[in-house]
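# Report on the structure
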Amino acid sequence: MAAVKYADLQNNRLTNYSFSYDRMLDMKGNTAVYLLYTHTRVSSILCRAEDKDLKMYDVDENALKSEKERALAIAILKFPDALDSLVQELLPSRLCDYAYYLCVTFNEFYSSCKVIGSDEEKTRLVLCQGTALSLRKAMYILGIEPLNKL
């Protein structure tokens, strides 16, 4: 159901609509399956973390040493802009575009930066938590129930 809902919302309402189950269920690309997979991945990382109390941890700007870390932090910070665009233009596709952008950025970060057991574990866990929260909120707004396990 999430795949169909997302595919419908992802299309710009001002353009032609193309219905394709194959495209909706694709693990790659701008699909609900990809968003759900990414949310599951980040949730798994957060569950495996030994220190789950990240509320009191401050990340200073010098802590983000990797380009992928900085890119992810910027992607997380763009969430309010995506919401503003959604409201101003009345285009749910703007929020879908943001959610996909966040997922791509997170997966690039995850493929190049070790999280659990690294020297930068706390900082990277904070980035994972920010990703999970932003993605979860975007999915709820779009009417999609996030999954913690596939």
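Residues numbered from 1 in each chain as written. Predicted model: local features only at pLDDT ≥ 70, side-chain atom pairs only at ≥ 80, totals over all residues. Heavy atoms only, no water.

Summed over the entire model, instances satisfying the criterion amount to five salt bridges. Of the charged contacts, one joins Lys68 and Glu108 as a salt bridge, the two residues approaching to 4.0 Å between their closest N and O atoms. Separated by 40 residues along the polypeptide, Lys68 in helix 4 (residues 67–77) and Glu108 in helix 6 (residues 92–112) bring together distant segments of the chain. For Lys68, a relative accessible area of 32% puts it in the partly exposed group. With a relative accessible area of 38%, Glu108 lands in the partly exposed category. (Salt bridge = Lys/Arg side-chain N within 4 Å of Asp/Glu carboxyl O. Helix = DSSP H or I, 4+ residues; strand = E, 2+ residues; numbered from the N terminus. Buried < 20%, exposed > 50% of the residue type's maximum accessible area, 1.4 Å probe, protein only.)

Moving on: unusual backbone geometry. The phi angle at Leu90 is positive, at roughly 55°, despite the residue not being glycine. Considering the arrangement of structural elements, one finds Leu90 in the loop between helix 5 (79–89) and helix 6. Exposure remark for Leu90: the relative accessible area of 60% places this residue in the exposed category.

Residues of helix 5 that are buried include every one of Phe79, Ala82, Ser85 and Leu86, and no others. When helix 5 is viewed along its axis, its buried side chains cluster within an angular range of 120° and face the same direction. Turned more than 90 degrees away from the buried face of helix 5 sit Asp81, Val87 and Gln88, all of them exposed. Turning to helix 5, the residues buried within the fold contact helix 4, helix 6 and helix 7 (121–142). Directly beyond the C-terminal end of helix 5, a positive phi value near 55° is found at Leu90. (Arc of directions from axis to C-beta. Contact = heavy atoms within 4.5 Å.)

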